[in-house]
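# Chains, contacts and geometry: an overview
For reference, the chains in residue letters:
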Amino acid sequence: MERHRISFSNSGLKLIAVITMLIDHTGLVILRYWPSALEPVSLFGFSTTLYQISRTIGRIAFPIFCFLLVEGFRHTSSRFRYARNLFLFALISEIPFNYMFSTDGRWENQNVYFTLLLGFLVFCALERFQNQLLLQILSVTAGFAASMILKADYDYRGFVLLMILYFFAFRPAERTLLACISLYWEWPACFAFLPIHFYNGERGFIKGKAAKYFFYGFYPVHMILLVCLRHLLFGL
C-alpha cells in the first residue's frame, strides 16, 4: 500500500505563515494588554504566559515569508510587477504597522514589505551581475547597509536570512543550517524549516489574481482590524 508523504505546497506554506503571523500580532496588539494573558501558566513543565506563547508561535512566519519570496523571484513572470506590488503594499501597510507597535502611531521601523522588497531588489541585482563578482558584492553590501538605514522590519538580520535563502536555494541542508545559525537571536523561528523541508514545489490551491491580492492585502487589513479591536477593548 502506497504511503502518503507529508508535503506542503506554496499555498500551504503561505497559509501557515499567515496564520502564525496573525497569532503573533494578536499577542502583540491584544494579549499584552489583557491581564489574564499575562498570568503565568505551566506548559510542559515550564512557566510561561499566553502572551509569550502567541509571540513564540509567531516567530515561524518570517522565515517562511522569506523562503516564499525566493520562490516567487524564481518563478514570477514579471519581476517589475512583483517589485511594484511589494512597494505598493509596503506603503499601504506603513501606518497600520506603526499603530500596531505604538498606540500613538510613532514607530521608527518600517514594515516587513520593505524588508522583502529590499531583498527582492538585491536578488535582481545579483542575477543581473551574475558574472561580475565585484558588482554582486557591492549589491549585497548596499542592501545590507540599506536594511540598517531604512530600519526595515528585522533590520540587517532579516536581510542576512534572505541572502542565505537565495544563495543556498538548491542546497537545502546548508540552507537550513546557516539559516538557523543566523536566527540564533530568535531560535523558535528555526521551526519554520520543518514545513519548508517538506515543500513540494507546487503552487497549490491559491490561484488567480483575487487569491494572490487577498494575501497581499491580508497584512495591512489584519493590522487595521487588530488596532481597531484594541481601541474598542482597551481604549488604546
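Please refer to the structure higher up on the page.
The structure contained in this document is the topic of the report that follows. These numbers were taken from a predicted model, which means no experiment stands behind them.

### Thoughts on a positive patch on the surface
- Residues Arg81, Arg84, Lys209 and Lys212 make up a contiguous surface patch of positive charge.
- For the positive patch, the secondary-structure elements that each account for two or more residues are α4 (79–101) and α10 (208–234).
- Examined against the element boundaries, Arg84 turns out to sit in helix α4.
- With relative accessibility at 33%, the residue Arg84 sits in the partly exposed group.

### Looking at the pattern of salt bridges
- This model, assessed by the stated rule, comprises eight salt bridges.
- In this structure, the salt-bridge partner of Arg55 is Asp24, at a minimum N-O distance of 2.4 Å. Highlighted residues: Arg55 in helix α2 (residues 50–58) and Asp24 in helix α1 (residues 10–29), separated in sequence by 31 residues.
- The partner of Glu71 in a salt bridge is Arg74, and the shortest N-O contact between them spans 2.6 Å. With Glu71 and Arg74 both in helix α3 (residues 61–75), this residue pair falls three residues apart, about one helical turn.

### Some words on the packing of aromatic side chains
- Considering all chains together, one arrives at 23 aromatic pairs under this definition.
- With centroids separated by 6.1 Å and ring planes inclined at 50°, the aromatic side chains of Phe214 and Phe218 adopt a geometry described as tilted. Taken together, the residues Phe214 and Phe218, both in helix α10 and four residues apart, mark about one turn of the helix.
- Counting every residue linked through ring pairs, the aromatic cluster contains Phe73, Tyr82, Phe120, Phe123, Tyr166 and Phe167.
- If you follow Lys14 out to its NZ or CZ, it ends over the ring of Phe215, 5.8 Å from the centre.
- Stacked on the ring of Trp185, the Lys or Arg Arg157 has its end atom at 4.0 Å from the ring centre.

### Some words on the nonpolar core
- Of all hydrophobic cores here, the largest spans 61 residues; its most connected members are Ile64, Leu69, Leu86, Tyr113, Phe123, Leu161 and Leu165.
- With 10 residues, helix α5 (residues 112–128) is the largest single contributor of residues to this core.
- Ignoring anything within four residues of it in the chain, the contact list for Leu69 reads Tyr82, Leu86, Leu116, Phe120, Phe123 and Leu162.

### Side note on the packing of α3 against α5
- Between α3 and α5, the shortest axis-to-axis distance is 10 Å and the interhelical angle comes to 35°. α5 is crossed by α3, and the crossing has right-handed handedness. Contacts between α3 and α5 involve Phe62, Phe65, Cys66, Leu69, Val70 and Phe73 from the former and Val112, Thr115, Leu116, Phe120, Phe123, Cys124 and Glu127 from the latter.
- Looking at the contact of α3 with α5, its residues break down into 11 nonpolar, one polar and one charged.

### Remarks on the packing of α3 against helix α7 (residues 155–167)
- At a minimum axis separation of 9 Å, α3 and α7 run at an interaxial angle of 45°. Put simply, α3 runs oblique to α7. Judged by the twist between their axes, the crossing of α3 over α7 is right-handed. Together, Phe62, Pro63, Cys66, Phe67, Leu69, Val70 and Phe73 of α3 and Gly158, Leu161, Leu162, Leu165 and Tyr166 of α7 make up the contact between the two elements.
- Broken down by class, the residue content of the contact of α3 with α7 amounts to 11 nonpolar, one polar and no charged.

Scoring rules and cut-offs
Each chain has its residues counted from 1, running along the sequence as written. A pLDDT threshold of at least 70 governs which residues receive local features in this predicted model, and a stricter bar of 80 or more applies before side-chain atom pairs are shown or counted, although totals over entire chains, interfaces and linings include all residues. Excluding hydrogens and water, the side-chain figures rest on all heavy atoms present in the structure. What makes a patch is a set of residues exposed beyond 30% relative accessible area and free of salt bridges, joined within 9 Å when like-charged and within 5 Å when nonpolar (Val, Leu, Ile, Met, Phe, Trp, Tyr). The protein chains shown are the only cover counted for residues, whose accessible areas, like all others here, come from Shrake-Rupley with a 1.4 Å probe. Each salt bridge in this description consists of a side-chain nitrogen of Lys or Arg and a carboxyl oxygen of Asp or Glu lying within 4 Å of one another. His residues and chain termini do not enter the charge count, which takes Lys and Arg as positive and Asp and Glu as negative. Note that the charge is assigned to NZ on lysines, CZ on arginines, CG on aspartates and CD on glutamates. Helix and strand assignments follow DSSP, with helices taken as H or I runs no shorter than four residues and strands as E runs no shorter than two, numbered in order from the N terminus. Whether a residue is buried, partly exposed or exposed follows from its accessible area with a 1.4 Å probe, protein chains only, as a fraction of its type maximum: under 20%, in between, or over 50%, in that order. What counts as a ring pair is set by centres within 6.5 Å for rings of Phe, Tyr and Trp (its six-membered ring), and what kind of pair is set by the plane angle: stacked under 30 degrees, edge-to-face over 60, tilted for all other angles. Cation placement over rings: the criterion is NZ of Lys or CZ of Arg within 6 Å of the ring centroid and within 35° of the ring normal. In plain words, nonpolar cores are sets of buried Ala, Val, Leu, Ile, Met, Phe, Trp, Tyr and Cys residues tied together by side-chain atoms within 4.5 Å. Residue contacts are defined here by distance: any two heavy atoms, one from each residue, within 4.5 Å place the two residues in contact. Helix axes are fitted only over the stretch in contact, all axes being lines through C-alpha atoms; the angle between N-to-C directions runs from 0 to 180 degrees. Take the far helix as your reference; a near helix turned counterclockwise from it by less than a right angle gives a left-handed crossing, and one turned clockwise gives a right-handed crossing. Residues are sorted three ways: Asp, Glu, Lys and Arg are charged, Ala, Val, Leu, Ile, Met, Phe, Trp, Tyr, Cys and Pro are nonpolar, and all the rest, Gly among them, are polar. For classification purposes, an angle smaller than 35 degrees is called roughly parallel, one larger than 145 roughly antiparallel, one from 65 to 115 roughly perpendicular, and anything else oblique.

No statement about biological role is implied by the geometric values presented.
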